[in-house]
Amino acid sequence: MLERCPDVLLLDISMPDGDGTTFCQWVTTEFPKVRIVAVTIHDEYSVIRRMLDSGVHGYVLKSAPINELINAIELIWKGQRYISPTVEYIVRQSASKAVRLTIPEQRILHDVCKGFSNPEIADRLHLSVETVKWYRKRLLAKFDVKNTVSLVSLVLKEHILPDCGD
(Lines give C-alpha, C1' and ligand atoms only; values in the text may rest on other atoms or scores of the structure.)
Protein backbone atom coordinates (compact mmCIF):
# COMPACT_ATOMS: atom_id res chain seq x y z
CA MET A 1 0.00 0.00 0.00
CA LEU A 2 1.24 3.46 -0.81
CA GLU A 3 2.00 5.81 2.06
CA ARG A 4 1.21 8.84 -0.07
CA CYS A 5 -1.05 9.12 -3.07
CA PRO A 6 -1.04 11.85 -5.66
CA ASP A 7 -4.07 14.10 -6.01
CA VAL A 8 -3.80 13.95 -9.81
CA LEU A 9 -2.11 11.16 -11.74
CA LEU A 10 -0.91 11.70 -15.31
CA LEU A 11 -1.23 8.39 -17.10
CA ASP A 12 0.27 7.50 -20.46
CA ILE A 13 -2.02 4.69 -21.52
CA SER A 14 0.63 3.01 -23.69
CA MET A 15 2.57 1.27 -20.97
CA PRO A 16 5.47 -1.03 -21.88
CA ASP A 17 4.58 -3.56 -19.20
CA GLY A 18 0.80 -3.35 -19.11
CA ASP A 19 -2.43 -1.83 -20.27
CA GLY A 20 -3.35 1.72 -19.28
CA THR A 21 -7.05 0.91 -19.17
CA THR A 22 -6.54 -1.94 -16.72
CA PHE A 23 -4.18 0.16 -14.62
CA CYS A 24 -6.69 3.01 -14.58
CA GLN A 25 -9.45 0.69 -13.39
CA TRP A 26 -7.16 -0.64 -10.66
CA VAL A 27 -6.22 2.86 -9.47
CA THR A 28 -9.85 4.05 -9.42
CA THR A 29 -10.81 0.97 -7.38
CA GLU A 30 -7.88 0.98 -4.95
CA PHE A 31 -7.42 4.75 -4.65
CA PRO A 32 -10.80 6.37 -5.42
CA LYS A 33 -9.64 9.85 -4.41
CA VAL A 34 -6.89 9.90 -7.06
CA ARG A 35 -7.95 11.87 -10.13
CA ILE A 36 -6.54 10.53 -13.43
CA VAL A 37 -5.62 12.40 -16.60
CA ALA A 38 -4.88 10.27 -19.64
CA VAL A 39 -2.04 11.95 -21.54
CA THR A 40 -1.56 10.09 -24.77
CA ILE A 41 -1.03 10.05 -28.51
CA HIS A 42 -4.15 7.89 -28.99
CA ASP A 43 -6.89 9.79 -30.79
CA GLU A 44 -8.93 6.77 -31.89
CA TYR A 45 -12.52 6.72 -30.67
CA SER A 46 -12.34 3.14 -29.36
CA VAL A 47 -9.31 3.94 -27.16
CA ILE A 48 -10.84 7.20 -25.93
CA ARG A 49 -14.13 5.45 -25.10
CA ARG A 50 -12.37 2.65 -23.20
CA MET A 51 -10.39 5.13 -21.14
CA LEU A 52 -13.42 7.28 -20.37
CA ASP A 53 -15.34 4.16 -19.37
CA SER A 54 -12.45 3.00 -17.17
CA GLY A 55 -12.72 6.08 -14.97
CA VAL A 56 -10.32 8.77 -16.18
CA HIS A 57 -11.23 12.30 -15.21
CA GLY A 58 -9.47 13.87 -18.15
CA TYR A 59 -8.09 13.09 -21.58
CA VAL A 60 -5.39 15.22 -23.20
CA LEU A 61 -3.42 14.48 -26.34
CA LYS A 62 0.36 14.73 -26.13
CA SER A 63 0.24 17.12 -29.07
CA ALA A 64 -1.73 19.64 -26.99
CA PRO A 65 0.04 22.82 -25.85
CA ILE A 66 1.48 22.73 -22.33
CA ASN A 67 -1.01 25.35 -21.10
CA GLU A 68 -3.86 22.97 -22.00
CA LEU A 69 -2.30 20.23 -19.89
CA ILE A 70 -1.81 22.65 -16.99
CA ASN A 71 -5.42 23.80 -17.30
CA ALA A 72 -6.61 20.19 -17.35
CA ILE A 73 -4.64 19.34 -14.22
CA GLU A 74 -6.00 22.38 -12.37
CA LEU A 75 -9.61 21.66 -13.34
CA ILE A 76 -9.34 17.99 -12.45
CA TRP A 77 -7.64 18.78 -9.15
CA LYS A 78 -10.66 21.01 -8.36
CA GLY A 79 -13.00 18.08 -9.00
CA GLN A 80 -14.04 18.82 -12.57
CA ARG A 81 -13.53 16.76 -15.71
CA TYR A 82 -11.50 17.82 -18.73
CA ILE A 83 -11.61 16.45 -22.25
CA SER A 84 -9.49 18.30 -24.80
CA PRO A 85 -11.45 19.99 -27.59
CA THR A 86 -9.90 17.70 -30.19
CA VAL A 87 -10.94 14.61 -28.25
CA GLU A 88 -14.43 16.03 -27.67
CA TYR A 89 -14.75 16.49 -31.42
CA ILE A 90 -13.65 12.89 -32.08
CA VAL A 91 -16.14 11.56 -29.52
CA ARG A 92 -18.97 13.70 -30.89
CA GLN A 93 -18.24 12.66 -34.50
CA SER A 94 -18.03 8.97 -33.63
CA ALA A 95 -21.09 9.03 -31.40
CA SER A 96 -23.14 10.64 -34.15
CA LYS A 97 -22.39 7.77 -36.51
CA ALA A 98 -25.29 5.54 -35.64
CA VAL A 99 -24.67 1.83 -35.87
CA ARG A 100 -27.07 0.31 -38.34
CA LEU A 101 -28.41 -3.09 -37.38
CA THR A 102 -30.10 -5.63 -39.57
CA ILE A 103 -33.33 -7.24 -38.33
CA PRO A 104 -31.53 -10.48 -37.30
CA GLU A 105 -28.87 -8.42 -35.48
CA GLN A 106 -31.58 -6.50 -33.63
CA ARG A 107 -33.31 -9.72 -32.58
CA ILE A 108 -30.08 -11.35 -31.44
CA LEU A 109 -28.94 -8.22 -29.62
CA HIS A 110 -32.31 -8.07 -27.86
CA ASP A 111 -31.99 -11.69 -26.71
CA VAL A 112 -28.36 -11.18 -25.65
CA CYS A 113 -29.47 -8.22 -23.51
CA LYS A 114 -32.19 -10.39 -22.00
CA GLY A 115 -29.53 -12.91 -20.96
CA PHE A 116 -30.32 -15.74 -23.34
CA SER A 117 -27.49 -18.15 -24.22
CA ASN A 118 -26.43 -18.91 -27.79
CA PRO A 119 -28.39 -22.21 -27.89
CA GLU A 120 -31.47 -20.48 -26.47
CA ILE A 121 -31.25 -17.67 -29.03
CA ALA A 122 -30.73 -20.19 -31.82
CA ASP A 123 -33.82 -22.08 -30.73
CA ARG A 124 -35.93 -18.93 -30.34
CA LEU A 125 -34.95 -17.55 -33.77
CA HIS A 126 -34.73 -20.88 -35.61
CA LEU A 127 -31.03 -20.45 -36.40
CA SER A 128 -27.97 -22.62 -35.85
CA VAL A 129 -25.79 -21.94 -32.81
CA GLU A 130 -22.91 -21.19 -35.19
CA THR A 131 -24.99 -18.52 -36.94
CA VAL A 132 -25.82 -16.92 -33.60
CA LYS A 133 -22.12 -16.94 -32.65
CA TRP A 134 -21.29 -15.27 -35.98
CA TYR A 135 -23.90 -12.55 -35.40
CA ARG A 136 -22.62 -11.96 -31.86
CA LYS A 137 -19.06 -11.49 -33.15
CA ARG A 138 -20.39 -9.10 -35.76
CA LEU A 139 -22.24 -7.10 -33.09
CA LEU A 140 -19.07 -6.80 -31.00
CA ALA A 141 -17.24 -5.48 -34.04
CA LYS A 142 -20.01 -3.05 -35.03
CA PHE A 143 -20.12 -1.55 -31.55
CA ASP A 144 -16.33 -1.75 -31.13
CA VAL A 145 -16.46 -3.58 -27.81
CA LYS A 146 -14.40 -6.51 -26.58
CA ASN A 147 -17.01 -8.68 -24.91
CA THR A 148 -20.70 -9.30 -24.32
CA VAL A 149 -20.74 -7.50 -20.97
CA SER A 150 -19.43 -4.34 -22.63
CA LEU A 151 -21.93 -4.75 -25.44
CA VAL A 152 -24.92 -5.09 -23.11
CA SER A 153 -23.68 -2.23 -20.95
CA LEU A 154 -23.41 0.03 -24.00
CA VAL A 155 -26.84 -0.97 -25.32
CA LEU A 156 -28.46 -0.23 -21.97
CA LYS A 157 -26.53 2.98 -21.35
CA GLU A 158 -27.18 4.41 -24.82
CA HIS A 159 -30.77 3.08 -25.05
CA ILE A 160 -29.94 1.46 -28.38
CA LEU A 161 -32.82 -1.00 -28.10
CA PRO A 162 -35.59 0.69 -26.11
CA ASP A 163 -37.14 -2.52 -24.75
CA CYS A 164 -33.84 -4.13 -23.67
CA GLY A 165 -33.74 -2.60 -20.21
CA ASP A 166 -37.22 -3.74 -19.22
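The text that follows walks through the structure, step by step, so that each part is easy to find. (Residues numbered from 1 in each chain as written. Predicted model: local features only at pLDDT ≥ 70, side-chain atom pairs only at ≥ 80, totals over all residues. Heavy atoms only, no water.)

Things to note about the packing of helix 5 (residues 103-113) against helix 8 (residues 148-158)
Convention followed: To define axes, lines are fitted to C-alpha atoms, for helices over the stretch in contact only, and angles between the resulting N-to-C directions are given on a 0 to 180 degree scale. The secondary structure listing takes helices from DSSP runs of H or I that are at least 4 residues long and strands from runs of E that are at least 2 residues long, numbered from the N terminus. To sort the angles, those under 35 degrees are grouped as roughly parallel, those over 145 as roughly antiparallel, those from 65 to 115 as roughly perpendicular, and the leftovers as oblique. Contacts are residue-level and defined by heavy atoms, with any inter-residue pair within 4.5 Å sufficient.
At a closest axis distance of 10 Å, the pairing of helix 5 and helix 8 adopts a crossing angle of 100°. Put simply, helix 5 runs roughly perpendicular to helix 8. Touching Leu109, Val112 and Cys113 of helix 5 are Thr148, Leu151, Val152 and Val155, all from helix 8.

Side note on the pattern of salt bridges
Note the threshold: Definition used for salt bridges: Asp or Glu carboxyl oxygen within 4 Å of a side-chain nitrogen of Lys or Arg. Exposure classes here rest on a 1.4 Å probe applied to the protein chains alone. A residue is buried below 20% of its type maximum, exposed above 50%, and partly exposed in between.
Taken as a whole and assessed by the stated rule, the structure comprises six salt bridges. The salt bridge involving Arg138 is made with Glu105; its shortest N-O contact spans 2.6 Å. One end of the pair, Arg138, is in helix 7 (residues 129-143); the other, Glu105, is in helix 5, and 33 residues separate them in sequence. With relative accessibility at 31%, the residue Arg138 sits in the partly exposed group.

Some points on the environment of Ser117
Relative to the assigned elements, Ser117 resides in the loop between helix 5 and helix 6 (118-125). You can call Ser117 partly exposed: its relative accessible area is 30%. Taking C-alpha positions, Ser117 is 14 Å from Lys137, a pair spaced 20 residues apart along the chain.

Remarks on the packing of helix 5 against helix 6
Defined as follows: Crossing handedness: left-handed means the near helix sits turned counterclockwise from the far one by under a right angle, and right-handed means the same turn made clockwise.
Where helix 5 meets helix 6, the closest approach of the two axes is 10 Å, and the angle between their N-to-C directions is 135°. The angle between helix 5 and helix 6 falls in the class oblique. Crossing handedness for the pair helix 5 and helix 6: right-handed. Two secondary-structure elements touch here, helix 5 through Arg107, Ile108, Asp111 and Val112 and helix 6 through Ile121, Arg124 and Leu125.

Considerations on the sheet that holds strand 5 (residues 58-61)
Sheets are built from strands that pair by backbone hydrogen bonding, the pairs being arranged parallel or antiparallel. Counted only if it meets this: Pairing between strands is defined by DSSP: at least two bridges between them are needed.
Here we have four strands laid out as an open sheet, ordered 1-4-5-6, and parallel in their pairing. With one partner strand each, in any of the chains shown, strand 1 (8-11) and strand 6 (82-83) form the two edges of the open sheet. With four bridges connecting them, strand 1 and strand 4 (residues 35-40) associate as parallel partners. Across the sheet, Leu10 pairs through a bridge with Val37, a residue of strand 4. Running over the sheet, helix 1 (residues 20-30) touches strand 1 and strand 4 and is turned about 170° from strand 1.

Brief notes about helix 1
This is how the line gets drawn: Picture the helix axis, draw a direction to every C-beta atom, and the arc is the one those directions span.
The set of residues buried in helix 1 consists of Gly20, Thr21, Cys24 and Val27. Summarising the axial view, the buried residues of helix 1 lie within an arc of 125°, below the 170-degree limit, and thus occupy one face. For helix 1, the elements touching its buried residues are strand 1, strand 2 (14-15), strand 3 (18-19), strand 4 and helix 2 (45-54).

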